[in-house]
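Commentary on secondary and tertiary structure
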Amino acid sequence: ERKRSMATEGHQKVVLIGDGVVGSAYAFSVIQQGLAEELVIINKSNERSVGDALDLEDATPFTAPVKVKAGSYQDCKDADIITICAGAAQKPGETRLKLVERNLKIMKEIVQEVVNTGFNGIFLIAANPVDILTYAVQKISGFPAHKVIGSGTSLDSARLRVAIGKKLAIDPRDVHVDMLAEHGDSEFAAYSCGTIGGTPLMDYVLANGLTKQELLKLEEQVRNKAYEIINRKGATYYGVATALARITKAILYDQNTVLPVSAYLDGEYGEKDIYLGTPAVIDKDGIQKVVELPLDSREQEALINSASVLRETTANGMTKAGLLNYLWK
């Protein structure tokens, strides 16, 4: 029998932990789309979360009757999704990987507080470096890997689709191609697996005036877009918040949607015991399955390199953060 979604069952409680620029933009997206019955905001500064809850509830007469409040960890007990946006922010010129030790310590505190409430839903992680923090959340919580999801390359893939759409005057929603691996400097575009209008992406772009060299340049621009935004306005938040809302919707409405997220690999792409960006089927139980793309030799080499970077940084970060006993658990 077809599984009923949380939405049809009336169990739609989302708890946001970390009400900074990304968290508040995510909360706004949830309210705008009327995704949940209840949204609870937990933040280090309770005044900030109370203020945001009061502000957000004023939007509900125009959107949907979502109950919004500032809360505490006890509110996690019966939540369907815990979305974690807490952590130190990326500074201008700073890579996501440099954040690892600071944010691992923060993540340990948060996860232990949440698990102690008896929470049994799905963790959705957006804090950076997201692949490493998602791995840490899974290990610290002891949750099944399918119930711990990172935002992964969902934002990067959107950036790539926008870039190609602009070049070809095509709606980015009709450009089907993903960025894979680390949400960061070692990510790459899986061009060989992409399509536009049912046509292989490489065939379409070459027939419409884009060269392979130009595609590689777009890939590089996507890698650097976060730095470009951060240097201009201090942080990125609208894109990633909307990506998080999309993942949230796929879970709450049991949509079986294929989205590029940070997912646990258990043999896919020849990699094991690691989280990295890949398409995966998302339903009410989290990651139903990883969609392993048939990468070409360039892309496979890039994935192996990215996985190596993530493993090394994970090992160093977790050791320095005093989490060695959770490593490769």
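Quantities reported herein were computed from a predicted structural model and do not represent experimental measurements.

With that out of the way, let us pick up the overall build of the chain. Summing up its helical and strand segments, the chain has 10 helices and 14 strands in all. Computed over its C-alpha atoms, the radius of gyration of the chain comes to 19 Å, within 12% of the 20 Å expected for a compact globule of 329 residues. Principal-axis analysis of the C-alpha atoms gives the chain an extent of 55 × 50 × 50 Å. Here the analysis covers contacts within the chain between residues at least 6 apart in sequence; of these, 70% occur between residues at least 24 apart. Carbon and sulfur atoms make up 50% of the accessible area of the chain, which totals about 14200 Å². Averaging the coordinates of the 37 positive side-chain charges in the chain and doing the same for the 42 negative ones gives two points 2 Å apart.

Looking now at the sheet that holds strand β10 (residues 195-196). Spatial strand order, β7-β10-β11: 3 strands in an open sheet with antiparallel pairing. At either end of the open sheet lies a strand with only one pairing partner, and these are β7 (175-176) and β11 (199-200). Strand direction decides the pairing type here: β10 and β11, joined by 2 bridges, are antiparallel. Bridge pairing links threonine 195 to proline 200 in β11.

Here we come to the pattern of salt bridges. Applying the stated criterion across every chain, the model contains 14 salt bridges. Its salt-bridge partner being glutamate 219, residue arginine 298 comes within 3.1 Å of it at the nearest N-O pair. Highlighted residues: arginine 298 in helix α10 (residues 297-320) and glutamate 219 in helix α8 (residues 212-233), separated in sequence by 79 residues. Relative accessible area serves as the criterion here: at 3%, glutamate 219 is assigned to the buried category. Put simply, arginine 223 and glutamate 220 hold a salt bridge, and the shortest N to O gap is 2.4 Å. Within this pair, arginine 223 and its partner glutamate 220 are both found in helix α8, separated by 3 residues, close to a single helical turn. For arginine 223, a relative accessible area of 13% corresponds to the buried category. Among the charged side chains, a network of salt bridges with common partners joins Glu219, Glu220, Arg223 and Arg298.

Formed by 91 residues in total, the largest nonpolar core has its most connected members in Ile17, Leu39, Ile82, Leu104, Phe123, Val261 and Ile282. For this core, the leading source of residues is helix α9 (residues 238-252), giving 8 residues. The contact partners of phenylalanine 123, leaving out residues within four places of it in the chain, are Ile82, Ile84, Val111, Val114, Val115, Val137, Ser141, Phe143, Lys147, Val148 and Ile149. Of all hydrophobic cores here, the second largest spans 18 residues; its members include Ala163, Tyr191, Leu201 and Leu215.

Glancing now at the packing of aromatic side chains. What the rule picks out here adds up to 5 aromatic pairs. Centroid distance phenylalanine 123 to phenylalanine 143: 5.2 Å. Interplanar angle 55°. Geometry classified as tilted. Note that phenylalanine 123 is positioned in strand β5 (residues 122-125) and phenylalanine 143 in the loop between α5 (130-141) and β6 (148-150), a separation of 20 residues in sequence. Phenylalanine 123 gets classed as buried once you look at its relative accessible area, which sits at 0%. Taking 5.6 Å as the distance between ring centres and 65° as the angle between the ring planes, the aromatic pair formed by tyrosine 264 and tyrosine 275 counts as edge-to-face. Of this pair, tyrosine 264 sits in strand β12 (residues 257-266) while tyrosine 275 is found in strand β13 (residues 272-283), placing the two residues 11 residues apart along the sequence.

Structurally, leucine 215 is set in helix α8. Accessibility expressed as a relative area gives 1% for leucine 215, which makes it buried. Here leucine 215 is in contact with Tyr191, Leu201, Met202, Val205 and Leu210, once residues within four sequence places are set aside.

Where β13 and strand β14 (residues 286-290) come together, 4 bridges link them in antiparallel fashion. Note on β14: the bridge partner recorded for aspartate 283 is glycine 286.

With that settled, the discussion passes to the packing of helix α2 (residues 21-33) against helix α3 (residues 46-57). Where α2 contacts α3, the axes come no closer than 11 Å and their chain directions differ by 25°. Classified by the angle between their axes, α2 and α3 sit roughly parallel to one another. Both α2 and α3 take part in a crossing whose hand is right-handed. Along the contact surface, α2 presents Ser24, Ala27, Phe28 and Ile31, while α3 presents Arg48, Asp52 and Leu56.

Further remarks concern the environment of proline 144. Of note, proline 144 is situated in the loop between α5 and β6. Proline 144 gets classed as partly exposed once you look at its relative accessible area, which sits at 41%. Sequence separation between proline 144 and tyrosine 191 is 47 residues; the distance between their C-alpha atoms is 31 Å.

Let us look at α2. If you check α2, its first and last C-alpha atoms are 18 Å apart, about what 13 residues at 1.5 Å a residue would give, namely 18 Å. When α2 is considered as a whole, its buried residues turn out to be Val22, Gly23, Ser24, Ala25, Tyr26, Ala27, Ser29, Val30 and Ile31. The elements touched by buried residues of α2 are β1 (13-17), β2 (38-42), α3, β3 (67-70), β4 (81-84) and α9. Positive backbone phi, at 60°, marks glycine 34, one or two positions downstream of α2.

How each quantity is defined
Residues numbered from 1 in each chain as written. Predicted model: local features only at pLDDT ≥ 70, side-chain atom pairs only at ≥ 80, totals over all residues. Heavy atoms only, no water. Helix = DSSP H or I, 4+ residues; strand = E, 2+ residues; numbered from the N terminus. Rg over C-alpha atoms; globule rule 2.2 N^0.38 Å. Contact = heavy atoms within 4.5 Å. Areas by Shrake-Rupley, 256 points an atom, 1.4 Å probe, with all protein chains shown as cover. Lys, Arg positive; Asp, Glu negative; His and termini not counted. Charge placed at Lys NZ, Arg CZ, Asp CG, Glu CD. Pairing = 2+ DSSP bridges. Salt bridge = Lys/Arg side-chain N within 4 Å of Asp/Glu carboxyl O. Buried < 20%, exposed > 50% of the residue type's maximum accessible area, 1.4 Å probe, protein only. Core = buried A, V, L, I, M, F, W, Y, C linked by side-chain atoms within 4.5 Å. Phe/Tyr/Trp six-rings, centres within 6.5 Å; stacked < 30°, edge-to-face > 60°. Axes fitted to C-alpha atoms, helices over the stretch in contact; angles between N-to-C directions. Parallel < 35°, antiparallel > 145°, perpendicular 65-115°, else oblique. Left-handed = near helix turned anticlockwise from the far one by under 90°. Expected span 1.5 Å × (residues − 1).

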